[in-house]
Amino acid sequence: MIELRQLEAMFDNVRANTDWNMDGLMMWGYFFTDRSEEKLEAIIPVLMKLGYRYVDLYIPELEDDQEPFFFLHVEKEDIHSPATLHERNLQFYALAEEYGLDSYDGMDVGPVQRH
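These figures come from a predicted structure and were not determined experimentally.

A.B. asks: Could you give me a rundown of the side chain of Asp-34, with the residues and numbers involved?
C.D. replies: With respect to the helices, strands and loops of the structure, Asp-34 is situated in strand 1 (residues 26–34). A distance of 3.5 Å separates a polar atom in the side chain of Asp-34 from a polar atom in the side chain of Lys-39. Apart from residues no more than four positions distant in its own chain, Asp-34 is found in contact with Lys-39, Leu-40, Phe-69, Phe-70, Gly-100, Leu-101 and Asp-102.

Printed below as a string of C-alpha cells:
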C-alpha cells in the first residue's frame, strides 16, 4: 500500500525536478492489475461513471517465467495534494478488493496536454 509519506516525497520530487504546477490541474493516471482481462473490463464502466477516462488494457512486457497478467490504465484531470491523493488511493484499493482484482497498482502524473 502506498503511504501518505511516500506521496509527500513524490510531490516534493516532482516539484524539485520539473516545472509542473503540482498545486494545479494535472493528468493523473491510475492502474489496476489482474490475471483476468474480463474482471478488469468489468470495472471500466464503474470508473467511467466516476469521471475517469479509459486509456488502455494491456499485457505488460514480462520475464519468460512470469505468469501473464493485465494492466488497466484510466486517467482523469484533477487537482491533488498528497492528502487527497492518499484518499483516492484508499478508494481504489477498496474498489480493487470489492471487485476481486489482484491489485490497485498505483498512479502516475503528468501535465495536462491540450491539443
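A.B. asks: Residues and numbers for the sheet that holds strand 4 (residues 103–111), please.
C.D. replies: Ordered in space as 2-3-1-4, the four strands form an open sheet in which the pairing is antiparallel. Lying at the two open borders of the sheet, with one neighbouring strand each, are strand 2 (53–58) and strand 4. Neighbour-to-neighbour, the strand axes of this sheet turn through a mean angle of 20°, independent of strand direction. By the bridge criterion, eight bridges tie strand 1 to strand 4 in an arrangement that is antiparallel. Looking across to strand 4, one finds that Met-26 is bridged to Pro-111. Packing of helix 2 (residues 37–49) onto the sheet brings it into contact with strand 1, strand 2 and strand 3 (70–78), and relative to strand 3 it is tilted by some 15°.

Conventions we followed
- Residues numbered from 1 in each chain as written.
- Predicted model: local features only at pLDDT ≥ 70, side-chain atom pairs only at ≥ 80, totals over all residues.
- Heavy atoms only, no water.
- Helix = DSSP H or I, 4+ residues; strand = E, 2+ residues; numbered from the N terminus.
- Polar contact = N/O pair within 3.5 Å; in protein donor to acceptor, adjacent residues only side chain to side chain.
- Contact = heavy atoms within 4.5 Å.
- Pairing = 2+ DSSP bridges.
- Axes fitted to C-alpha atoms, helices over the stretch in contact; angles between N-to-C directions.

These figures come from the coordinates and say nothing about function on their own.
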